[in-house]
Amino acid sequence: APALALSRQRAVERGYLVAKSSAAGCSVRVAPGIASRVRAIAKSLQLQNEHNCISGFAIPFARSATRAAKPFLEPQTYQKAMKMHDQANAKHAWSRCSGVWSDADS
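Because the structure is a prediction, the values reported are computed rather than measured. (Residues numbered from 1 in each chain as written. Predicted model: local features only at pLDDT ≥ 70, side-chain atom pairs only at ≥ 80, totals over all residues. Heavy atoms only, no water.)

1. Topic: the overall build of the protein
Phase 1 of the analysis: Looking only at helices and strands, the protein has four helices and zero strands in total.
Phase 2 of the analysis: For the protein, the succession of helices and strands along the chain, N to C, is α-α-α-α.
Phase 3 of the analysis: Burial analysis of the protein (106 residues in total) assigns 20% to the buried set.
Phase 4 of the analysis: In the protein, 36% of the contacts between residues at least 6 apart in sequence involve partners at least 24 apart.
Phase 5 of the analysis: Accessible surface computed for the protein: about 8900 Å², of which carbon and sulfur atoms make up 58%. (Helix = DSSP H or I, 4+ residues; strand = E, 2+ residues; numbered from the N terminus. Buried < 20%, exposed > 50% of the residue type's maximum accessible area, 1.4 Å probe, protein only. Contact = heavy atoms within 4.5 Å. Areas by Shrake-Rupley, 256 points an atom, 1.4 Å probe, with all protein chains shown as cover.)

2. Points about the packing of aromatic side chains
Phase 1 of the analysis: On inspection of all chains with the given rule, the structure shows zero aromatic pairs.
Phase 2 of the analysis: The aromatic ring of Tyr-78 is capped on one face by Lys-70, whose charged end is 4.5 Å from the ring centroid. (Phe/Tyr/Trp six-rings, centres within 6.5 Å; stacked < 30°, edge-to-face > 60°. Lys NZ or Arg CZ within 6 Å of the ring centre and 35° of its normal.)

3. Things to note about helix H4 (residues 75-88)
Phase 1 of the analysis: Given a rise of 1.5 Å per residue, 14 residues ought to cover 20 Å, and the 20 Å separating the end C-alpha atoms of H4 matches this to within 8%.
Phase 2 of the analysis: What H4 keeps buried is the set Tyr-78, Ala-81, Met-82, Met-84, His-85 and Ala-88. For H4, the buried positions fall inside an angular range of 155° around the axis, keeping them on one side. Seen from the buried face of H4, the exposed residues on the opposite side, beyond 90 degrees, are Pro-75, Gln-76, Lys-80 and Lys-83.
Phase 3 of the analysis: Its buried side turned inward, H4 meets helix H2 (35-55) and helix H3 (62-69). (Expected span 1.5 Å × (residues − 1). Arc of directions from axis to C-beta.)

4. Considering the confidence of the model for the protein
Phase 1 of the analysis: Averaged over the protein, the pLDDT score is 85; the fraction of residues at 70 or greater is 84%.
Phase 2 of the analysis: When the elements of the protein are averaged for pLDDT, helix H1 (residues 2-13) gives the smallest value, 85, and H3 the largest, 96. (pLDDT = per-residue confidence, 0-100.)

5. Side note on the side chain of His-85
Phase 1 of the analysis: Position of His-85 among the secondary structure elements: in helix H4.
Phase 2 of the analysis: Discounting residues that sit within four places of it in the chain, His-85 has contacts with Ser-44, Leu-47, Gln-48, Ala-62, Arg-63 and Thr-66.

6. Quick notes on the packing of H3 against H4
Phase 1 of the analysis: Between H3 and H4, the least distance of the axes is 10 Å, while the angle of their chain directions is 175°. Put simply, H3 runs roughly antiparallel to H4. On the side of H3, the interface is formed by Ala-62, Arg-63, Thr-66 and Arg-67, while H4 contributes Tyr-78, Ala-81, Met-82, His-85 and Asp-86. (Axes fitted to C-alpha atoms, helices over the stretch in contact; angles between N-to-C directions. Parallel < 35°, antiparallel > 145°, perpendicular 65-115°, else oblique.)

7. Topic: the side chain of Ser-44
Phase 1 of the analysis: Within the secondary structure layout, Ser-44 lies in helix H2.
Phase 2 of the analysis: Setting aside chain neighbours within four positions, we find Ser-44 in contact with Ala-62, Met-84, His-85 and Ala-88.

8. Overview of the environment of Ser-55
Phase 1 of the analysis: Tracing the backbone through its elements, the reader meets Ser-55 in helix H2.
Phase 2 of the analysis: Linking Ser-55 and Phe-72, residues 17 residues apart in sequence, is a C-alpha distance of 7.9 Å.

The following block contains the structure:
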């Protein structure tokens, strides 16, 4: 344990370990099966926020926010953002879960 503490202290002194600030973000615990989808949604939300700031409008839809910011974005940046919003739309793609009943099933 003392060797580990010394090693950790050296890492901190050399800048290999740094404290995370709350401004850097946070973690959200989700089921492993949906983690990649949650990451995509979070990235899309971040882009939406950035594009709302760029355009000066509080647009509630991610793709619309990016379209509003399009005059201020490089074409490649715009296309990449729209692809990210497409990936985030995976939130709408669900497979059937066994044992789940819904009166909307046909």
